[in-house]
Amino acid sequence: MTESFAPGVRVQDLTVVYRTPVGELPALAGVGLTLAPGTITGIVGESGSGKSTLALSLLNAVQPPGRISGGSVEIDGLGDVVRLTGDDLRRARGRQVGYVFQAAQNSLNPLKTVGKQLLDLGRSHDVADLPALLREARALLGRMGLDGGRVLDSYQHELSGGMRQRVGIMLALVLNAHLVVLDEPTTALDMITQATILRIVKEVHRERGLTTLIVTHDIGVAAEVTDSLAVMYGGRVVEHGPTMDVLGSPRHPYTRGLIRAIPRLSGDIGEATALPGRPPTLGTIPAEGCVFRERCPLRMAVCDTVDPAPAAYGERTVACHAVGRPVNLAVRKEYV
Amino acid sequence: MTVTQLLPAPATPRRNFWRGVLRVMRRKPSRMAGVAIVALFAFMGLFGPLLYPSPLPRDDNALYAAPSWAHPFGTDFEGTDVLALVVTGTRYVLLAGLATAVITVALGTGIGLLAGFHRGRWDTVLMRLTDLQLTIPGLPLLLVLSTVWKFTSPLEMGVVLGVLGWGGIARAVRSQTLSLRERGFIEAARGLGLSTRHIVGRELLPSMAPYIAMNMLIAVTGAIYAQVGLFFLGVLPFDANNWGVMLNLAVFGGGALTSAAALPYLLAPLLAILLLTLGIVLVVDAMDEIFNPRLREE
Amino acid sequence: MITGTGVTKTYRQRGNLLGGRDVQALRGVDFAIEKGGAVTFIGESGCGKTTLGRIVAGLETYDSGEIVIDGTPMSGLRHRQRQAHFRRVQLIHQDPYSALNPTRTIHQTLHAPLALRARQKGRSKAWAEERARELLTLVGIDPGYVLPRYPHQLSGGMRQRVVIARALTVDPEVLVADESVSMIDVSLRLGILALLKDLRERLNVSVLFITHDIATARYIGDDGELYVIYRGQVVERGPTEAVISEPVHPYTQALLSAIPVLRGVERPGAERVVPTEALDERHADTGCLFARRCPFRTERCESERPSLEGTVHGHACYHPQPRAVIPVEASA
């Protein structure tokens, strides 16, 4: 094992545009994000926030009509992924960066057993010792509480959602990747299965010394497993910092609104408040000014013209004009 | 002006629809080319016999003449202009093709919908009927029929081909219906107590429109091949002016396969068939976008 | 008011040559939905909650037992009459994308049931038009904007509101909401839940809420009833707030323990329960259905099946014991 270390990732000024009939629209607009080595980072956002595009960018796998039009993604031991092409890129995916697709998606081939697919993966990455690969896979599956031999002999339809998700994690890790990206790892899974998968993600992360990125729309999932949390909105990272801090004392009005919109099991039900308006889509992201201003209770004149740049507040980064200024107390009560 | 008129008019999908069709067609030049080709043949079918009133002039001095300005595709064994023959032959081919398509699609869609929507006993009976239709050997049956029937009218031709060809569409429409009827909006329509007529006519059919339209156009091409083939084989008596008859005469009468003289006579109807099929295929490409409001409105 | 007693449903899986396996989706379920009340069925997927919701909405048949709608038992009725009764119950689908016909504008979608309604009530066409606008306003969207549009031009939240408006065209007594917010953006979910809550108060419709997310159930109706369903059996039932704050069945406790904790805002409960195994439908049906996965099982659990006991807050367990499983506020 040569690269048995957890790599750090630095995304800088990343811009991804999608070609549409009305011209190229930015899905990501100058995103900056750092994943510290050995941590679990969560990206939360609604549909259209650009979170999945960002995750795909880590593998330089944005599909047409989208393309990375600027910026860089530096991964330790790999260099700038944006500049990788052809075979180098293909080897990096799987070898260094493992990707776990959504549980709901059928990312497994229904016509081949899991074991066959594993061997295909090994061959396409020129693994010399295939029996060792199988052993490693069985060990990983066993670690996740499954009967490795049985699972490798199974077809996709013979596995439950939670089992499929574990197979996905195994396939992402079996080539000894140390950067793992999980896209909506628990969407469409039941509560108890979700809890199991999240526990496994945490344990495997720790035992194998990984750098993990989890993309999800569910703040609860992110809260449960992540060390650091990035909140995305309209193609920007609007707030990023240690998970406990971001959730405990959110500073961006969107983060605040989002947390407030979660119904909870204890406390006053009336405290949960819906966020007004709706998230922007690719076509409705404003060309200038803050992307959140239409729904923002703290909106000021400057928000209409200037897109707030992310500013550091201790360990936290927040992109908002109103943060750091005295809060305008004339704000409607329910948003404070 | 009354109060009700003051309310903003509800959407008028009809007007939007044709504007949308135009928009979809303009998206690709190939589609416009397809429309132009189909329009050209439609024009020939409608006005061909007016342009070349029968009987077509013969020129006894120019049998199997080579292409020239006077005869762009040469002349046939009697010295008749080949272009005139192709143009006047269009009507029969198109009419028979259309009749076939209308009958296949009407029968196929009706039976498929009924079977898929009601399931149960209806389904069993109708699908056995469909299987029966699919097992009828078309060509031998036509050979037998042609001994008693002259097929002078293209509509007769169309009816026979149509009745022999609806099975495939019925099966396809049934399976589409089976999958659509499980969709939320069909279930909701039933839960709201809407009539079966409404559900089938207004909810199911429009969802299948691209599919049906596509099948209809493909049925037209299929029918053209079939009838031209029948005439070419000489199975049917030569009562009508038809591209297939031309092909037959060029090959078996003019020896087009061995001598160059009759070649233009052979190629002209072939070219017409090819061009018409190409036109239809190019138009089929647009069907999905025309009937899907999402793709149409963009 | 709708009541069900001993409702059972078995799916026969016609499988291969070796014969199929029967799946008991519902094993004798009793329930009652009061007028204007809020009832929630929770459980894992495949537990039968969706089947039960569809039976209540008249979209699925049941094998035995009885459903009574406003005093009329359904089993004696002919199909057509039964459908008329079940029209009082409208299902809000999980997926607002497939619940609206993509080829029809919202105006056409709402107009069809309203025109039918107008004919039945002897009202004019103008009434139907007016009513469509009224309903859209009621569910919180601008009729002028929505009516001429196709579903694909609306956001998920708007579509779900249109679906609710369509259900309201027949003046239903019960709205069955089956995972109705799971496919909607997080910031918009609460709006839909608040709408359902609001409809309860303003129109006095009851809401039957089917979900695996207990927190949303609590938001819809803390004054309502919660049914915890496991493999086709109600294992715990009671006032929503009581079941959440003092769950006694280990399965309910496992479900509640599995809810992610909002760290920084909440602390995990002190006695979280984790099942010893994953759900496996092939587990034997003898004894308590949850026994194989239960950390507290005894010999008795494996041989005898407990039935639902208790009047207000009932449970089907031989060893009921309240445990502190739900997350608590961190500041407390």
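Residues numbered from 1 in each chain as written. Chains lettered and ligands numbered in written order. Predicted model: local features only at pLDDT ≥ 70, side-chain atom pairs only at ≥ 80, totals over all residues. Heavy atoms only, no water.

1. Structural notes on the interface of chain A and chain C
Quoted interface sizes are often the accessible area lost when the parts come together.
Okay, step 1: Chain A puts 38 residues into the contact, and the matching count from chain C is 46 residues.
Okay, step 2: Between chain A and chain C the total buried area reaches about 3,600 Å² when both faces are included, carbon and sulfur atoms providing 60% of it.
Okay, step 3: At the boundary of chain A and chain C, one finds three salt bridges.
Okay, step 4: Here Glu266 of chain C ties to Arg264 of chain A by a salt bridge, and the two come within 2.7 Å at their closest N and O atoms. (Contact = heavy atoms within 4.5 Å. Buried area = accessible area lost by both parts, 1.4 Å probe. Salt bridge = Lys/Arg side-chain N within 4 Å of Asp/Glu carboxyl O.)

2. Topic: the side chain of Thr41 of chain A
Okay, step 1: Counting through the fold element by element, Thr41 of chain A comes out in strand 3 (residues 40-44).
Okay, step 2: By relative accessible area, which is 0% here, Thr41 of chain A ends up buried. (Helix = DSSP H or I, 4+ residues; strand = E, 2+ residues; numbered from the N terminus. Buried < 20%, exposed > 50% of the residue type's maximum accessible area, 1.4 Å probe, protein only.)

3. Side note on the interface of chain B and chain C
Okay, step 1: With 26 residues of chain B at the interface, the matching set in chain C holds 29 residues.
Okay, step 2: The junction of chain B with chain C conceals about 2,300 Å² of combined surface from both sides, 61% of it contributed by carbon and sulfur atoms.
Okay, step 3: When the buried surface of chain B facing chain C is broken down by residue, Phe185, Glu187 and Leu192 of chain B rank first, second and third, together holding 26% of it.
Okay, step 4: Inspection of the region where chain B meets chain C yields two salt bridges.
Okay, step 5: One salt bridge connects Glu203 of chain B with Arg104 of chain C, and the closest N-O pair in it is separated by 3.6 Å.
Okay, step 6: In this structure, the connection of chain B to chain C is made through seven residue pairs in polar contact (both at pLDDT 80 or more).
Okay, step 7: For the side of chain B that touches chain C, the secondary-structure elements that each account for two or more residues are helix 9 (184-191), helix 10 (196-232) and helix 14 (293-297) of chain B.
Okay, step 8: Split by residue class, the side of chain B that touches chain C holds twelve nonpolar, six polar and eight charged. (Polar contact = N/O pair within 3.5 Å; in protein donor to acceptor, adjacent residues only side chain to side chain. Nonpolar A, V, L, I, M, F, W, Y, C, P; charged D, E, K, R; others polar.)

4. Let's talk about the sheet that holds strand 2 (residues 23-35) of chain A
Think of a sheet as strands paired side by side through backbone hydrogen bonds, with each pair either parallel or antiparallel.
Residue and element names in this part refer to chain A.
Okay, step 1: Spatial ordering of the open sheet is given by 2-1-4-5, a layout of four strands whose pairing is antiparallel. Among the strands making up the open sheet, the edge pair consists of strand 2 and strand 5 (79-80).
Okay, step 2: Bridge count between strand 1 (residues 9-20) and strand 2: nine bridges; the pairing is antiparallel. Within the sheet, the bridge partner assigned to Val11 lies in strand 2 and is Leu33. (Pairing = 2+ DSSP bridges.)

5. Considering the environment of Leu33 of chain A
Okay, step 1: By the secondary structure assignment, Leu33 of chain A is in strand 2.
Okay, step 2: As a C-alpha pair, Leu33 of chain A and Pro185 of chain A span 152 residues in sequence and 21 Å in three-dimensional space.

6. Things to note about the pairing of strand 7 (residues 174-178) of chain C
All names here are of chain C.
Okay, step 1: Here strand 7 lies mainly inside the structure; five of its five residues are buried.
Okay, step 2: A two-sided burial pattern is seen for strand 7, the buried positions comprising Val174, Val176 and Asp178 on one face and Leu175 and Ala177 on the other.
Okay, step 3: Sheet topology places strand 6 (residues 89-92) next to strand 7; four bridges connect them, and they run parallel. Its bridge partner being in strand 7, Val89 is matched across the sheet by Val174.
Okay, step 4: Bridge analysis of strand 7 against strand 8 (residues 206-211) gives five bridges, and the strand direction is parallel. Opposite Asp178, over in strand 8, you have Ile210 as the bridge partner.
Okay, step 5: In the classification by handedness, the crossover that spans strand 7, the intervening helix 7 (residues 186-203) and the parallel strand 8 is right-handed. (Right-handed = clockwise from strand over helix to strand, strands pointing away.)

7. A word on the UniProt feature "transmembrane region" (unreviewed entry) in chain B
Residues and elements named next belong to chain B.
Okay, step 1: Those places that UniProt annotates as "transmembrane region" (unreviewed entry) correspond, in this numbering, to residues 32-52, 92-117, 212-236 and 256-284.
Okay, step 2: Between the first and last C-alpha atoms of residues 32-52 the distance is 28 Å; the span itself is 95% helix and 0% strand.
Okay, step 3: The straight-line gap between the two end C-alpha atoms of residues 92-117 is 37 Å; of that span, 100% is helix and 0% is strand. (UniProt positions renumbered as here; feature names shortened; annotations may be inferred.)

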